[in-house]
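Here's the letter readout for the chains.
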Amino acid sequence: MDNLALIGFMGTGKSSVGHLVAVHLGFTFVDTDQLIEAQTGRSITDLFAHEGEAAFRAQERQVVQALTDRVKLVIATGGGLGADALNLASLKTHALVVCLWASPEVTWQRVRHQTHRPLLQGPAPLARLEELLAHRAAIYREADVLMNTSQRQIREVALQVAHEFQRAQRELTAR
Ligand code: S3P
């Protein structure tokens, strides 16, 4: 278990929490959406618009593969990445996978005024959010640790994630 990966739906705070946890653990922070943007030279919005979702998902799988030989990373993933069984299985080979969770209502309040998420730019974004969340819930629950972020400060969630990671590391070394 060399790394820590954060999965979960859009708006659960993966990147904000991930930054803080990385500082706390002395790890390097990476964000899969940023890696894809650097790799393709395009924003996620552009990539969806010009290449389509399937091309974006293929980029995600490449990034997941490239992370398998890295260590001391806190990896914040795009919301759909950890909802793919193969991606999740790959992350679990080298990382403690923590899923950040929030209710649909809280998630909606967090994302409703943001415009950088192509999947929520259609005519009925709340219905789409609920549909995606319902569809993904079972696989998100396969994470090693589930953490509710509703009504909680980012700093508090980050501290708890860091503690979970340290505890998991101690358990492994005690074996
Ligand atoms: C997506 C979530 C986004 C980004 C892309 C697709 C998803 O990341 O990867 O827009 O499928 O849920 P965030 O979870 O960081 O918003």
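Higher on the page you've got the structure.
Summarised in this report is the structure supplied together with it. (Residues numbered from 1 in each chain as written. Predicted model: local features only at pLDDT ≥ 70, side-chain atom pairs only at ≥ 80, totals over all residues. Heavy atoms only, no water.)

1. A short note on the overall build of the protein chain
Now for step 1: The number of helices and strands found in the protein chain is eight helices and five strands.
Now for step 2: Against the globule reference of 16 Å for 175 residues, the protein chain gives a C-alpha radius of gyration of 16 Å, in line with a compact fold.
Now for step 3: Reported as C-alpha extents along the three principal axes, the dimensions of the protein chain are approximately 50 × 35 × 25 Å.
Now for step 4: Put simply, the protein chain has 175 residues, and 46% of those count as buried.
Now for step 5: Contacts in the protein chain between residues at least 24 apart in sequence constitute 74% of all its contacts with a sequence separation of at least 6.
Now for step 6: On the protein chain, roughly 9000 Å² of surface is accessible, and the fraction owed to carbon and sulfur atoms is 51%.
Now for step 7: Averaged over its 18 positive side-chain charges, the protein chain has a centre that lies 4 Å from the centre of its 18 negative ones. (Helix = DSSP H or I, 4+ residues; strand = E, 2+ residues; numbered from the N terminus. Rg over C-alpha atoms; globule rule 2.2 N^0.38 Å. Buried < 20%, exposed > 50% of the residue type's maximum accessible area, 1.4 Å probe, protein only. Contact = heavy atoms within 4.5 Å. Areas by Shrake-Rupley, 256 points an atom, 1.4 Å probe, with all protein chains shown as cover. Lys, Arg positive; Asp, Glu negative; His and termini not counted. Charge placed at Lys NZ, Arg CZ, Asp CG, Glu CD.)

2. Considerations on the nonpolar core
Now for step 1: Residues Ile 7, Phe 9, Val 97 and Leu 129 are the most contacted members of the largest nonpolar core, which totals 31 residues.
Now for step 2: When contributions to this core are tallied by element, the ones reaching two or more residues are strand S1 (3-8), helix H3 (44-51), helix H4 (53-66), strand S3 (73-76), helix H5 (85-92), strand S4 (95-101), helix H6 (104-111) and helix H7 (125-140).
Now for step 3: At five residues, the largest contribution of residues to this core is made by H7.
Now for step 4: Those residues in contact with Val 97 that sit more than four places away from it in its chain are Ala 5, Ile 7, Leu 88, Leu 91, Lys 92, Ala 143, Asp 144 and Val 145. (Core = buried A, V, L, I, M, F, W, Y, C linked by side-chain atoms within 4.5 Å.)

3. A few points about the pattern of salt bridges
Now for step 1: For the structure shown, the criterion picks out seven salt bridges.
Now for step 2: A salt bridge links Glu 53 to Arg 57; the shortest N-O distance between them is 2.9 Å. Taken as a pair, Glu 53 and Arg 57 lie in helix H4 at a separation of four residues, close to a single helical turn.
Now for step 3: The partly exposed category is assigned to Glu 53, whose relative accessible area is 34%.
Now for step 4: The buried category is assigned to Arg 57, whose relative accessible area is 15%.
Now for step 5: Salt-bridge contacts for Glu 60 lead to Arg 57; the nearest nitrogen and oxygen are separated by 2.9 Å. With Glu 60 and Arg 57 both in helix H4 and three residues apart, this pair spans about one turn of that helix. Like Glu 60, the residue Arg 57 is buried in the burial classification.
Now for step 6: If you follow the salt bridges from partner to partner, you end up with Arg 42, Asp 46 and Glu 51 in one network. (Salt bridge = Lys/Arg side-chain N within 4 Å of Asp/Glu carboxyl O.)

4. Focus on the packing of aromatic side chains
Now for step 1: For the structure on display, the rule yields two aromatic pairs.
Now for step 2: Aromatic pair Phe 27 and Phe 165: ring centres 5.5 Å apart, planes at 85°, arrangement edge-to-face. On the criterion of sequence distance, the pair formed by Phe 27 in the loop between helix H1 (14-25) and strand S2 (28-31) and Phe 165 in helix H8 (residues 154-174) is long-range, its members being 138 residues apart.
Now for step 3: What makes Phe 27 buried here is its relative accessible area of 15%.
Now for step 4: With a centroid separation of 4.9 Å and an interplanar angle of 45°, the aromatic rings of Phe 48 and Phe 56 are classed as tilted. In this pair, the class of Phe 48 matches that of Phe 56, namely buried. (Phe/Tyr/Trp six-rings, centres within 6.5 Å; stacked < 30°, edge-to-face > 60°.)

The values are spatial; any link to function lies outside them.
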